[in-house]
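For reference, the chains in residue letters:
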Amino acid sequence: MKFLKYISICLLAVLFASCDKKDIEFPMEDVSNKAQIQVAYMCPKQAITANYIYTVVINGVEYCNNGSSFLATYNYVPSGAVGLFYTVEPGDVNIRFLNNKGEEVYNTNINVASGSKQMVVVYDYAQAPAIVPFKEPLKFPGVADTGDKCSVRLYNFLCESEGVPMTDKIQLGLQDTETKEYKPVGEPVGFGEGSEFIAVDIDKLKGSGMNTSGSQRRDICIYRIGADGSNKGVIQYTKSNGSTAGFTDYWTWYIGRGYLEFMRGVLDSKTYVVAMTQFTAL
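Residues numbered from 1 in each chain as written. Predicted model: local features only at pLDDT ≥ 70, side-chain atom pairs only at ≥ 80, totals over all residues. Heavy atoms only, no water.

A closer look at the environment of A81
Right, so step 1: Its place among the elements puts A81 in the loop between β4 (75-77) and β5 (86-88).
Right, so step 2: Separated by 201 residues in the primary sequence, A81 and L282 place their C-alpha atoms 9.3 Å from one another. (Helix = DSSP H or I, 4+ residues; strand = E, 2+ residues; numbered from the N terminus.)

Right, dumping it as structure tokens:
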């Protein structure tokens, strides 16, 4: 009995000790005086192992995926969630790409300002990257029962032919859900640039229905805009079978979300076929 008594006393002592007040800490680092970057890979290349990036090196710090590919074609890092960035000291920043053999395939230097956010887009191994300043997705106040909009940002990384970026600009066209006609929205975007975020109406009753978070299919096209500002019509591109077509697409967009829409590929190539790659920013 004494033995059980002593065990009980010990257990009570441990219990009371565990109830001591402890400060809850949230370790964090102030990055307001640093720069934040994302690194995108938009080179016209086939989606095969030899073209994937296995290590991204930023100012000597290696980012990789335990021996697996880290950055696939037409993607960007850091990924896995929205709003992620690499933090770097302001000033000169060196960025290197290594392939699956550990060989360097790209090496560049950029300069970033304190407190800035940008996406560094590698579109040609022989060229300096495009630096696209970060924009916050639009935020919309709710209506009586729900919101009714999302926002979309268009990026232009289209080439006329291999190694030759577009000199014309592009503009997003959005189909009217009633008339089925396409209408230009937002402003034209030059090569290596991103538009402002464009507000897009989402009617959940015509899409996903009442008892849902709210989404709707929206059909889009991409217009070619000349140097004089004239609309030359929907861009023409070469399909994988060698035929030519005007570019149209569709996406299911959700209320309140922000989307990044990258136009990439080579207009006259059936190997590096033009497509729109979408990412969620919010």
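Back to the write-up after that little detour.
Side note on the environment of I202
Right, so step 1: Its location among the elements puts I202 in the loop between β14 (198-201) and β15 (215-225).
Right, so step 2: When sequence neighbours within four positions are dropped, the list of residues in contact with I202 reads D148, K149, C150, G214, S215, Q216, R218, W253 and I255. (Contact = heavy atoms within 4.5 Å.)

Re the pairing of strand β3 (residues 61-64)
Right, so step 1: The pairing of strand β2 (residues 55-58) with β3 spans four bridges and is classified as antiparallel. The residue of β3 that forms the bridge with T55 is C64.
Right, so step 2: Taken together, β2 and the strand that follows it, β3, pair antiparallel across an intervening segment of two residues, in which N59 is found at a positive phi of about 50°. (Pairing = 2+ DSSP bridges.)

Details of the pairing of strand β13 (residues 182-189)
Right, so step 1: Of the pairings in the sheet, the one linking strand β12 (residues 169-175) to β13 comprises five bridges and is antiparallel in character. Bridge pairing in β13 places L172 opposite V185.
Right, so step 2: In textbook terms, the turn of a hairpin is the stretch between consecutive antiparallel strands, and for β12 and β13 this stretch comprises six residues, one of which, K180, has a positive phi near 70°.

Description of the pattern of salt bridges
Right, so step 1: Tallied over the entire structure, the rule returns 13 salt bridges.
Right, so step 2: In this structure, E89 and K34 form a salt bridge, with 3.4 Å as the shortest nitrogen-oxygen distance. Here E89, found in the loop between β5 and β6 (91-98), pairs with K34, found in the loop between α1 (2-18) and β1 (35-41); they are 55 residues apart in sequence, far enough to count as distant.
Right, so step 3: A relative accessible area of 48% means that E89 is categorised as partly exposed.
Right, so step 4: With relative accessibility at 16%, the residue K34 sits in the buried group.
Right, so step 5: Linking D168 and K232 is a salt bridge whose minimum nitrogen-to-oxygen distance equals 3.1 Å. One end of the pair, D168, is in the loop between β11 (164-165) and β12; the other, K232, is in strand β16 (residues 231-234), with 64 residues separating them in the sequence.
Right, so step 6: By relative accessible area, D168 is classed as buried at 10%.
Right, so step 7: Salt bridges linked by common partners bring E160, D168, R224 and K232 together as one network. (Salt bridge = Lys/Arg side-chain N within 4 Å of Asp/Glu carboxyl O. Buried < 20%, exposed > 50% of the residue type's maximum accessible area, 1.4 Å probe, protein only.)

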